Amino acid sequence: MTAEHETTTASSGEPQSHPGDQHEIPSVEAHGSFDTLKERIKKHYEIASDYYYSLWGQHIHHGLFRNPGETKEQAQVNLINLLLDISALPAGAAVLDVGCGVGGTSRFLARERACRVTGVTISGRQVEMARQATAAEIRGLSSTASSAGATTATTASEPGAATQYPAGDDGKSGGGSARFLELDAEKMAEHFSRAEQKQTFDCVWISEALSHLPNKELFFASSFALTKSGGGGLLVVADWFKAPGLTAAQEQADIRPIEDGMLLPRLYTADEYVGIAERAGFRVRAAPVDISKDVAKTWDISWSLVSSPSLWAFAIAQGRDGLAFLQAFRAMRRGYANGTFRYAVMCFEKPWSCRVA
């Protein structure tokens, strides 16, 4: 398949070609087994996470652009704050951050909301980066707290242990903790049900990771089992979706290249998530809110950020999946422009009367 020609605009106003225009878009290939797909996902994040961090910083997710002058970093925090708004997550909550990436959201919740966060990811490299970034942040906060005479933080004494944040003066910020584990999300219920690891959470939080999981039903069932009973346990979701009612031609043109390049099983609609959540026992706390128009700029920025020829050379060196991943950026932009690809946030809660055997 030949590359679609796209240009960026230089500061002089003259159009510039993009390195992606020089490379073909790989033809869509059907995924093999789900186990094979998960191994490809893990390999992708083992290789690409350092590049993600260099391009996007600690938050490897969309930005919610409320104002034209906002930076991508501000927009990323806007998205986290929107999820906090729709969930009304209380300060000090115990949170399981599924698909935590390099731990940006986990650290934010611990630092700004005093949450006790366990972040899990399938990538060992991401766990390593998350722990390093957390230790660096704690050193900075502890230095500031010490100079002000406040209580300092404590760093994790061993891998997998929680790092404690210094308490803030407002009673809501600081005082939380963050720890990071390498764990397949489809095994989280089994892991946290073991006697030595037994734990439940006030909230399961998943941002742009559920679309990667082959077994959505298992995820919702596991989340239901791991959220606390009798206290309105929460499930907070932000994810990528396909629009409902697409034709076969629209699916082939706009959705398949995204699924292929981003290593996704089939994309769901937002309403499908609601149905699965309700069948798992949750009830809707905040119905899906489509924020596609406010996050689409993410991929315009992303396309400009991957304009380095050396990055494309690196991607090609990783084989077909590397090139398909970068070329999927233009598919994301096209899907948003055509209205076939969507982004939505939602929140579910566990009924107060519910008990899990």
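Residues numbered from 1 in each chain as written. Predicted model: local features only at pLDDT ≥ 70, side-chain atom pairs only at ≥ 80, totals over all residues. Heavy atoms only, no water.

Draft legend 1. Quick look at the environment of Gly230. Position of Gly230 relative to the elements: it lies in the loop between helix 6 (216-226) and strand 8 (234-242). With 120 residues separating them in the primary sequence, Gly230 and Lys350 have C-alpha atoms 8.1 Å apart. (Helix = DSSP H or I, 4+ residues; strand = E, 2+ residues; numbered from the N terminus.)

Draft legend 2. Molecular detail of the packing of helix 2 (residues 72-87) against helix 3 (residues 104-113). Following both chains from N to C, one finds helix 2 and helix 3 inclined at 65°, their axes separated by 12 Å at the closest point. Between helix 2 and helix 3 the crossing geometry is right-handed. Here Val77, Ile80, Asn81 and Leu84 of helix 2 lie close against helix 3, whose contacting residues are Thr105, Phe108, Leu109 and Arg113. Residue classes in the contact of helix 2 with helix 3 are distributed as five nonpolar, two polar and one charged. (Axes fitted to C-alpha atoms, helices over the stretch in contact; angles between N-to-C directions. Left-handed = near helix turned anticlockwise from the far one by under 90°. Contact = heavy atoms within 4.5 Å. Nonpolar A, V, L, I, M, F, W, Y, C, P; charged D, E, K, R; others polar.)

Draft legend 3. Geometry of the nonpolar core. Core analysis: the biggest nonpolar cluster contains 62 residues, and Leu89, Trp205 and Met262 have the highest contact counts within it. When residues in this core are grouped by element, the largest group, eight residues, is from helix 12 (residues 320-338). Beyond its immediate sequence surroundings of up to four residues, Trp205 is in contact with Ile80, Leu83, Leu84, Leu89, Val95, Leu96, Asp97, Val98, Thr105, Leu109 and Val236. Counting residues in each nonpolar core, the second largest holds 32 residues, with Phe192, Phe201, Leu213 and Ala344 among its members. (Core = buried A, V, L, I, M, F, W, Y, C linked by side-chain atoms within 4.5 Å. Buried < 20%, exposed > 50% of the residue type's maximum accessible area, 1.4 Å probe, protein only.)

Draft legend 4. Geometry of the sheet that holds strand 9 (residues 283-290). As summarised here, the arrangement of the eight strands in space is 5-6-4-3-7-8-10-9, forming an open sheet in which the pairing is mixed. In this open sheet, the two strands that pair with only one neighbour each are strand 5 (163-164) and strand 9. Relative to strand 10 (residues 341-349), strand 9 runs antiparallel, the two being bridged by five bridges. Within strand 10, the position partnered with Val284 by the bridge is Phe348. (Pairing = 2+ DSSP bridges.)

Draft legend 5. Geometry of the packing of aromatic side chains. Under the defined criterion, the tally for this structure stands at 14 aromatic pairs. Judged by centre distance (6.4 Å) and plane angle (85°), the rings of Trp240 and Trp299 are edge-to-face. Taken together, the residues Trp240 in strand 8 and Trp299 in helix 10 (residues 297-305) connect sequence positions 59 residues apart. Here the two residues Trp240 and Trp299 agree in accessibility, since each one is buried. Both rings, one in Trp240 and one in Phe341, keep their centres 6.1 Å apart while their planes meet at 70°; by these two values the pair is edge-to-face. Here Trp240, found in strand 8, pairs with Phe341, found in strand 10; they are 101 residues apart in sequence, far enough to count as distant. Its relative accessible area of 1% is what places Phe341 among the buried residues. An aromatic cluster of three or more residues is present, and its members are Phe219, Phe220, Phe224, Phe241, Tyr268, Tyr273, Phe282 and Phe348. Its end group placed over the ring of Tyr268, Arg266 keeps NZ or CZ at 3.8 Å from the ring centre. The lysine or arginine in question, Lys350, covers the ring of Phe224, its NZ or CZ lying 4.6 Å from the ring centre. (Phe/Tyr/Trp six-rings, centres within 6.5 Å; stacked < 30°, edge-to-face > 60°. Lys NZ or Arg CZ within 6 Å of the ring centre and 35° of its normal.)

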